[in-house]
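Coordinate inspection notes
Okay, here's what each chain looks like letter by letter:
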Amino acid sequence: MSKSEKAPLVLVDGSSYLYRAFFGLPPLTSPSGEPTGAIYGVTNMLKKLMTDFSPEHVAVVFDASGKTFRDEIFEEYKATRDPMPDDLRAQVEPLNELVEALGFPMLIVNGVEADDVIGTLAKRGMEEGMRVVISTGDKDMAQLVDGDQVTLINTMSDTRLNREGVKEKFDVWPEQIIDYLALVGDSSDNIPGVPGVGPKTAAPLLAHFGTLEALYERIAEVSQVQVRGAKTLGPKLAEHKESAFLSKRLATIHCAVDLALGPRDLAMRTPDKAKLKALYSRFGFKTWGRQLDEGDDAAPAPKAGPAPTPASAKPAVPAKAGEYTAILDQASFDAWLKTLEAAELIAYDSETTSLEYMKAEIVGMSFAVKSGEAVYIPLAHRYMDAPVQLDRDQVLKRLKPLFEDPKKLKLGHHIKYDAHVLLNYGITLAGMRYDSMLESYVLDSVASRHDMDSLAEKYLDYKTIHYEDVAGKGAKQIGFDQVHVDEATRYAAEDADVTLRLHQALWPRLRSVPALKKVFDEIEMPLVPVLLKMEHEGVLIDMDMLKKQSDEITKKCAELQIKAQSLAGGPFNLDSPKQLQAILFEKMGIPVVRKTASGQPSTAEDVLEELADEHELPRVILEYRGLTKLKSTYTDRLPEQVNPATGRVHTSYHQAVAATGRLSSTDPNLQNIPVRTEEGRRIRQAFIAPKGGVLLAADYSQIELRIMAHLSADAGLLKAFEQGMDIHRATAAEVFGLKPDAVSDDRRRAAKAINFGLIYGMSAFGLAKQLGIGRDEAQDYVDLYFSRYPGVKRFMDETRLLARDQGYVETVFGRRLYLPEIKSKNSQLRQYAERTAINAPMQGTAADIIKRAMINVQRWLDKSGVKARMVMQVHDELVFEVEKGALAVVEKEVPLLMSAAAKLKVPLVVDVGTGSNWQEAH
């Protein structure tokens, strides 16, 4: 705010921030154990508002307890909301004390909601010529925006909305927000809206008709509106007219509440320093207490709660924008090339035409070698009046030696993507030494998302320019080659600069924990070129086979529809949860197992699984759903994902997604191809070997159980694995006191459920449900298991204590998983964290082992020159394309390399199979 600008009236939606702070921040506690997360979050937000706006008039408004007029209009209003959590309720009164001690006027008006109080004060403030800022996170407040006189600010995300901002975000104007909510509804308040009408339907309707009333007056015109399903939309709207107008009444903020105070009565008071000091001490807000003593109480306090992680420190001073230059002439490029050749480390980023790496063309390139300075080389901006740019082919030719020099160290953020793009131009990026995305991920996989924007805000206290800021949003978004060079320069050069700054912030922290540095240096970074090679090679699929399977699934689904409708006693849409609800729970009278958030009987998969034990229709529905999902996700979709230039499918493997270190894959997702059904297994048959070759699949056998044996050092488990026994049969023999050859299939199945269930933290209740036995019987199984394998019980108990003490657990190789909820007062969060603490070392170690195996195998393939290549990694399995003449050597060497990826107290066993397709090799 400029010094000449009048301070606004600031109205704070305290109730909105109370909940958002509680659920959005870690469960912090005071020295005495009181929950303080919501108190901290709301207070920090209020301090930020004071810093940003220096308001003279302000009000913090909270909802009053008890019902309001909306509850009288609609009994189900907010009925789906869970009761206020005890840990949050305990913070309301202390927060109110702190708000008042800070000097903020606080309003709680019985019979109306905070929204209505804020709406009334905003309207009166406008009438008195005041500029009004409403601090909230609720979208319904957008109806109060009026030009630049009444604006919204979300302090938790630091976003602001004026009139144009509302239109950009919701695609309707502020005065249409009420009608928009009337159509779309609001699940958080249980405002029903019109079923099936979402934002993409509501906005075009209001663009055409203007208001809800006009829409219903001219409802015959609905079919003319360019929205999906326009032909059937009119009858649907007519059917739910009453719901739409009820929703409008519920969504309308009342701006004429009878208030004892007006806007100019809400003057900011002098803080009560004695009371503040006592409260800060009580809550453990030491930094704020110290600042109060020093006469400065504006800066936010450090987080309380668990011991800080290496990722928790913020910069002392927020980062400033850098100096960025576009290179448009040969002399400037020559000079920068010399700078790059002399640099010890080069931060590089590319701007392209597509996120699909096999299709992406370079539009421009950015470089940074010094923090705060970067350049952008535009190469293919094609808008009208675009400046003359350097020739792309010539620039790449000049840069190729530098890119391919392994001694010239490079840094990127998700550098694998940029390396893919360079491969499209015949350039193999060497010297990939650092990746700021992976540095963040290894440092603390759960501290933040690992995209550049999130990390810049977290570690640099810096707001980056977002892609949408320069290219627009939604249907109006333009390609980067259409972005003006000056805007592209600010955006693209900033990417290289921020990548370098992030590295400078993250690397010292990573280096300070030797085990994590080793994970980064020996696992994650060496894996990048391995994944790059696998992705770029791709895998062959048989499109004709998939088409045939699609046709068969279509036929089978039609048969299942006929069967389901026969069981239901009449036609219905199997894809409609609402119609299925009516059939199952009304017509057939089946007892309701669980309800949805809106109070409707659930037809979710687990519910149908439970019902399928006694009723045939749910079983048919489950089979139908499984087949339709298989068809849409794989048999129909995979052929569309074949790259026309290579004739192969190219997945993307992600290193920085799963908290435990597991790789994930997308476009297509190879990890989720089902194997339990015949149709699912047939999908694997479509992954085929090239002519003259075979597929070889190498799969770790029961790797997580072997890791459990290693970590727990349980004598019984160690003996079973050392002797090469069937571990599930051996467990059944131990638990049930039988000889191994006397173990029945049912006993083995129960033992297998226990073995894997305990790894994933399954309770006796969960085991009982899986085995179809009583809870007491399941508990007896668990007790027997622990009595026979006491080392496992000891490992689990010690791991829980260690996790609680240090706030994280580790894999065999030193990868950490931080557990922020391990000390939570919320028992569900705490128990989940404890289950994760037990499971993560096993899952994480398994992830580390297969990554190490991939690195070792690829080095051998490169060094030996054997005619084989790694084409897929799925869970604990690696898949190779092998020329038939090389099969014998690969079949021998790959299992040895995979088994040598870790030295455990039990042997790592690798099963190998070969065939003309993946299923045959598995």
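The present account deals with the structure reproduced in this document.

Next up on the list: the overall build of the chain. Check the secondary structure of the chain and you find 37 helices and 22 strands. Taking 29 Å as the expected radius of gyration for a compact globule of 922 residues, we find that the chain reaches 31 Å, a close match to that expectation. Dimensions along the principal axes, computed over C-alpha positions, put the chain at roughly 85 × 80 × 65 Å. Counting only residues that meet the buried cut, the chain has 51% of its 922 residues in that class.

Our next topic: helix α30 (residues 727-736). Counting buried residues along α30, eight of its 10 residues qualify, which places the element largely inside the surrounding structure. Among the residues of α30, those classed as buried are Ile727, His728, Ala730, Thr731, Ala732, Ala733, Val735 and Phe736. Residues of α30 that are buried make contact with α28 (703-712), α29 (715-722), α31 (745-759) and α33 (775-788). The first or second residue beyond α30 is Gly737, which carries a positive phi of 65°.

With five of six residues buried, strand β10 (residues 373-378) is to be regarded as a mostly interior element. One ladder, built from four bridges, connects strand β7 (residues 323-326) with β10; its direction is parallel. Note on β10: the bridge partner recorded for Thr325 is Val375. Pairing of strand β9 (residues 362-370) with β10 involves five bridges; the strand directions are antiparallel. By the bridge assignment, Gly364 is partnered in β10 with Pro378. From the end of β9 to the start of β10, which pair antiparallel, there are two residues, and Gly372 there has a positive phi angle of about 90°.

Here the focus is helix α20 (residues 485-511). Taking 1.5 Å of rise per residue, the 27 residues of α20 would be expected to cover 39 Å, and the 38 Å separating its terminal C-alpha atoms lies within 8% of that figure. Summarising burial for α20: 21 of the 27 residues are buried, a large majority.

Right, let's get into the environment of Gln579. Locating Gln579 in the fold gives a position in helix α23 (residues 577-587). For Gln579, a relative accessible area of 34% translates into the label partly exposed. In contact with Gln579, not counting residues within four places along its chain, are Phe572 and Asn573.

Pairing is antiparallel across the open sheet formed by four strands, whose spatial order is β20-β21-β17-β22. The open sheet has two edge strands with one neighbour each: β20 (868-874) and β22 (910-915). Neighbour-to-neighbour, the strand axes of this sheet turn through a mean angle of 20°, independent of strand direction. As defined by bridge partners, β20 adjoins strand β21 (residues 877-883) across six bridges and the pair is classed as antiparallel. Each residue of the ladder has a partner; that of Ala868, found in β21, is Val882. Against the sheet, helix α36 (residues 887-899) touches β17 (693-700), β20, β21 and β22, its axis set at about 20° to β17.

Before going further, it helps to spend a moment on the environment of Val866. Its place among the elements puts Val866 in the loop between α35 (827-864) and β20. Put simply, Val866 and Ala886 are 20 residues apart on the chain and 6.6 Å apart in space, counted from C-alpha to C-alpha. If near-sequence neighbours (up to four positions away) are discounted, Val866 is found in contact with Trp860, Leu861, Ala886, Val889 and Val890.

Our next topic: the sheet that holds strand β4 (residues 132-135). A sheet is described by the order of its strands in space; here six strands give the open sequence β3-β2-β1-β4-β5-β6, paired in mixed fashion. Of all the strands in the sheet, the pair left with one neighbour each is β3 (106-107) and β6 (159-161). Where strand β1 (residues 9-13) and strand β2 (residues 57-61) come together, five bridges link them in parallel fashion. Bridge assignment links Asp13 to a residue of β2, and that residue is Val61. Most of the contacts of helix α2 (residues 37-53) go to β1, to which it runs at about 165°, and overall it touches β1, β2, β4, β5 (150-154) and β6.

The next subject is the pattern of salt bridges. Evaluated as defined, the whole model comprises 44 salt bridges. Residues participating in the shared-partner salt-bridge network are Glu524, Arg815, Asp848 and Lys851.

Grouped together as the largest cluster of nonpolar side chains are 120 residues, with contacts concentrated most on Phe687, Tyr700 and Ile849. Per-element accounting of this core gives the leading share, 11 residues, to α35. Beyond its immediate chain neighbours, meaning those up to four positions away, Phe687 contacts Val539, Leu540, Ile541, Leu638, Leu670, Ile673, Leu695, Met872, Asn917 and Trp918. Core analysis: the second largest hydrophobic core is formed by 75 residues, Ile327, Leu340, Leu429 and Tyr462 among them.

A word on the packing of helix α25 (residues 616-635) against helix α27 (residues 678-685). Packing of α25 against α27 brings their axes to within 10 Å, and their N-to-C directions diverge by 10°. The pairing of α25 with α27 is recorded here as roughly parallel in orientation. Contacts between α25 and α27 involve Leu627, Leu630, Tyr634 and Thr635 on the former and, on the latter, Glu679, Gly680 and Ile683. Across the contact of α25 with α27, the residue classes break down as four nonpolar, two polar and one charged.

On to the side chain of Arg815, then. Checked against the element boundaries, Arg815 lands in the loop between β18 (808-810) and β19 (816-818). A polar atom in the side chain of Arg815 sits 2.6 Å from the side chain of Glu524. Beyond its immediate stretch of four places on either side in the chain, Arg815 contacts Tyr441, Leu516, Val519, Ile523, Glu524, Thr660, Gly661, Val809, Glu810, Asp848 and Lys851.

About the criteria used
Residues numbered from 1 in each chain as written. Predicted model: local features only at pLDDT ≥ 70, side-chain atom pairs only at ≥ 80, totals over all residues. Heavy atoms only, no water. Helix = DSSP H or I, 4+ residues; strand = E, 2+ residues; numbered from the N terminus. Rg over C-alpha atoms; globule rule 2.2 N^0.38 Å. Buried < 20%, exposed > 50% of the residue type's maximum accessible area, 1.4 Å probe, protein only. Contact = heavy atoms within 4.5 Å. Pairing = 2+ DSSP bridges. Expected span 1.5 Å × (residues − 1). Axes fitted to C-alpha atoms, helices over the stretch in contact; angles between N-to-C directions. Salt bridge = Lys/Arg side-chain N within 4 Å of Asp/Glu carboxyl O. Core = buried A, V, L, I, M, F, W, Y, C linked by side-chain atoms within 4.5 Å. Parallel < 35°, antiparallel > 145°, perpendicular 65-115°, else oblique. Nonpolar A, V, L, I, M, F, W, Y, C, P; charged D, E, K, R; others polar. Polar contact = N/O pair within 3.5 Å; in protein donor to acceptor, adjacent residues only side chain to side chain.

Keep in mind these numbers describe shape, not what the thing actually does.
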